[in-house]
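Overview (structure and organization)
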Amino acid sequence: MPSENGKAPTGSSCCKMFALPLILSLCLLNSANGFTQCNACIRLPLPMKQGGPLFGKIPPTAKFDINAIEALEAEIDYQEKLVIQQQKSQNDGPNQDDEWELLQSTSDLHGLKEYEVSEELHNKRIDAILSFMEPDMSRSKCGSLISDGMVAILTSEDKAAGQTPTVTTRKSLKLEKGTVMYVKHAVDETPLEILAQNLPLNILYEDEHMIVLNKAAGMVVHPAVGNWDGTVVNALAYYLANDSPFGSGDFIEVDGKVKPDQAEGVDVDGTDGEVITFRPGIVHRLDKGTTGILVVAKTRDSLSALSGAFANREVRKTYVTVAVGNPGKRVVIDKPIGRHPVHRQRMRVVPDPSKMNSSGMSPKQRRAAGFGGKSTAQLGRTALSFVDTLAFDGKLSVAQVRIETGRTHQIRVHLQDRTTPVYGDDVYGFGDWNKRLAKSHMIQRPLLHAFKLELNHPVTGKKMIFRAHMADDMIGVARGIWPAGDEERPDLFTPMDVEIEE
């Protein structure tokens, strides 16, 4: 405001009278009333309209190139994959890479399959080309060969210049006509039959159609690479052939041998469509470290019926877990799960495909506009979990989780995304907490248990409810968190009978 002599106040007196955020407002008021700004204030050019200045903020203009940023992100991802591949090659030892070292340094290509890109395959993806050249091999298997560093390429220009083939791990790499691919196939160590083994099984229920088990920790469900024996299937092969009072069923021979059964058209719940060769009667799967209820079909008719029930979400599956932190009461987690783009053995919660990225467009809009974007396979598969904390001691909790879907590692991934991972999970959990569990309880596995399974009998149609109490190591941890657990939820701590509706 003006001083007593009619002049505007000096800069020092003006700025002392008002806080810094009000200086601009003072200047505007002064200008509107004909007063002169003080020397300490900044005169800003303002857009004008009839009757006075516009008090609006001009929106900033973007000065960055979206395409350049995304190209940089793609290059970073590619470089990260190369580093991981190099580390994997170093960890695998020198013997596995000797043939490629020979390939890089000489022209000796003995023992490798050689394919030349034809005119019709010009500028196609390398995994698609390899799939075309190897019709008996699936597209995903071809992609695995490439990402595992089993394919090298030599362009026509490099060949003319006297260069040697170079290994590529990029499945999306497009090849030109005349490029030669060199493929190294891993030695197939798959056994021709399953070995029957006399291993302990905790049987909850059995009849001539199916068998229900309480799987122990550390036991793999079916034979696969790295676990050709010691699995549930190996134990069942022996038990059904030698000890079962209800017969061996359709998959086990009299001598206990089991031939590889592709079970075409039968989807195994919890595998997300992965091919499982040795799976006689298997309709769902539990992770190696997970304990609890596992149902196995003994006949082909039961296999078809149970597989359909799991696929149609007619089976109700409830788990109990010890989690780090508190997941919350009556929590619904509805987030899609897909394979990790770099760490292929891991799963992850896939970002919401409906949300826009830095370009201001959703992936669907970007694909429609011709800018690429995530494919359907990269968007993950629907995963729905219902979480309810039963007890919390301020650090750890005992939680019940019911899953509507059966995705690979679903509970472990959903709880990790909630930053309350499964206690002891060495893939998705907290390393320092896992070390504490190993030191205090000598436990080195995820504390996750398939507690209850509700389904209709595959032949009679009667509703059946199976319950299996937690394993002893998990009970010890749970009682420390929940001293009253035995009284409040005895079904989690003590054996319970099977319920069958009449």
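Residues numbered from 1 in each chain as written. Predicted model: local features only at pLDDT ≥ 70, side-chain atom pairs only at ≥ 80, totals over all residues. Heavy atoms only, no water.

Notes on the sheet that holds strand β5 (residues 151–154)
Overall, antiparallel pairing links the four strands, which are arranged β3-β8-β5-β6 in an open sheet. Each end of this open sheet is capped by a strand with a single partner; those strands are β3 (113–116) and β6 (166–167). Relative to strand β8 (residues 180–183), β3 runs antiparallel, the two sharing four bridges. Across the sheet, residue Glu 114 finds its bridge partner in β8, namely Tyr 182. Contacting β3, β5 and β8, helix α5 (residues 126–133) runs over the sheet at an angle of about 70° to β8. (Pairing = 2+ DSSP bridges. Helix = DSSP H or I, 4+ residues; strand = E, 2+ residues; numbered from the N terminus. Contact = heavy atoms within 4.5 Å. Axes fitted to C-alpha atoms, helices over the stretch in contact; angles between N-to-C directions.)

A short note on the pattern of salt bridges
When the charged atoms of two side chains with opposite charge come close together, those side chains can pair. Tallied over the entire structure, the rule returns 16 salt bridges. As a salt-bridge pair, Arg 412 and Asp 425 come within 2.7 Å of each other at their nearest N and O atoms. With a gap of 13 residues between them, Arg 412 in helix α11 (residues 410–417) and Asp 425 in the loop between α11 and α12 (431–441) connect regions that are remote in the sequence. When its relative accessible area of 7% is taken as the criterion, Arg 412 is described as buried. Its relative accessible area of 0% is what places Asp 425 among the buried residues. One salt bridge connects Arg 489 with Asp 491, and the closest N-O pair in it is separated by 3.1 Å. (Salt bridge = Lys/Arg side-chain N within 4 Å of Asp/Glu carboxyl O. Buried < 20%, exposed > 50% of the residue type's maximum accessible area, 1.4 Å probe, protein only.)

Comments concerning the confidence of the model for the protein
It should be kept in mind that the predicted coordinates are not to be read in detail where pLDDT is low. Averaged over all residues, the pLDDT of the protein equals 78, while 66% of them reach at least 70. This stretch, residues 91–108, has a pLDDT under 50; its non-local contacts, to residues over four places away or in other chains, come to 25 contacts. Confidence drops under pLDDT 50 across residues 371–377; counting only partners more than four residues distant or on other chains, this segment forms 13 contacts. (pLDDT = per-residue confidence, 0-100.)

Some points on the nonpolar core
In this structure, Leu 236, Tyr 319, Val 387 and Ile 411 are the most contacted members of the largest nonpolar core, which totals 29 residues. Looking at this core, the elements with two or more residues in it are β10 (210–215), α8 (232–242), β11 (291–297), β13 (331–334), β17 (396–403), α11 and β18 (448–456). Residue contributions to this core peak at seven residues, all from α8. Residues contacting Tyr 319, with those up to four places away along its chain left out, are Leu 286, Thr 290, Ala 399, Gln 400, Val 401, Ile 403, Ile 411, Leu 448, His 449, Ala 450 and Phe 451. With 21 residues, the next largest nonpolar core counts Ala 391, Leu 437, Met 474 and Ile 481 among its residues. (Core = buried A, V, L, I, M, F, W, Y, C linked by side-chain atoms within 4.5 Å.)

Some words on the packing of aromatic side chains
Here the structure, examined in full by the defined rule, presents three aromatic pairs. Between the aromatic rings of Trp 482 and Phe 493, the centroid separation amounts to 6.1 Å while the plane-to-plane angle is 65°, which identifies the pairing as edge-to-face. Highlighted residues: Trp 482 in the loop between α13 (472–481) and α14 (485–488) and Phe 493 in the loop between α14 and β20 (499–500), separated in sequence by eleven residues. Residue class for Phe 493 comes out buried when judged on its relative accessible area of 5%. (Phe/Tyr/Trp six-rings, centres within 6.5 Å; stacked < 30°, edge-to-face > 60°.)

Here we look at the packing of α5 against helix α6 (residues 139–147)
Put simply, α5 and α6 touch, their axes get as near as 9 Å, and they point 120° apart. Taken together, the axis directions place α5 and α6 in an arrangement best described as oblique. Remark: the crossing between α5 and α6 carries right-handed chirality. Between α5 and α6, the contacting residues are Ile 126, Asp 127, Ala 128, Leu 130 and Ser 131 on the first element and Arg 139, Cys 142, Gly 143, Leu 145 and Ile 146 on the second. Looking at the contact of α5 with α6 residue by residue, the class counts come to six nonpolar, two polar and two charged. (Parallel < 35°, antiparallel > 145°, perpendicular 65-115°, else oblique. Left-handed = near helix turned anticlockwise from the far one by under 90°. Nonpolar A, V, L, I, M, F, W, Y, C, P; charged D, E, K, R; others polar.)

Considerations on α13
Within α13, the full set of buried residues consists of Met 474, Ile 475, Val 477, Ala 478 and Ile 481. The buried residues of α13 occupy an angular sector of 165° when projected down its axis, which confines them to one face. Along α13, exposed side chains directed more than 90 degrees from the buried face belong to Asp 472 and Gly 480. On its buried face, α13 sits against β12 (316–324), β16 (384–392), β17, α12 and β18. (Arc of directions from axis to C-beta.)

Here we look at the environment of Asp 388
Mapped onto the elements of the fold, Asp 388 is located in strand β16. A relative accessible area of 22% places Asp 388 in the partly exposed class. Asp 388 sits 13 residues away from Val 401 along the chain, and the two C-alpha atoms are 6.4 Å apart. Not counting residues up to four positions away in its chain, the partners in contact with Asp 388 are Gly 328, Lys 329, Arg 330, Ala 399 and Gln 400. A polar contact is formed between the side chain of Asp 388 and the backbone nitrogen of Arg 330, at a distance of 3.3 Å. (Polar contact = N/O pair within 3.5 Å; in protein donor to acceptor, adjacent residues only side chain to side chain.)

Overview of the pairing of β17
The buried count for β17 comes to seven of eight residues, which makes it a mostly enclosed element. Of the strand pairs in this sheet, β12 and β17 are connected by eight bridges, and their pairing is antiparallel. By the bridge assignment, Thr 318 is partnered in β17 with Arg 402. Taken together, the seven bridges between β16 and β17 define a ladder with antiparallel strand orientation. Following the sheet pairing, Thr 389 is matched in β17 by Ala 399. Connecting β16 to the antiparallel partner β17 that follows it, the hairpin turn spans three residues, and Gly 394 within it adopts a positive phi of roughly 100°.

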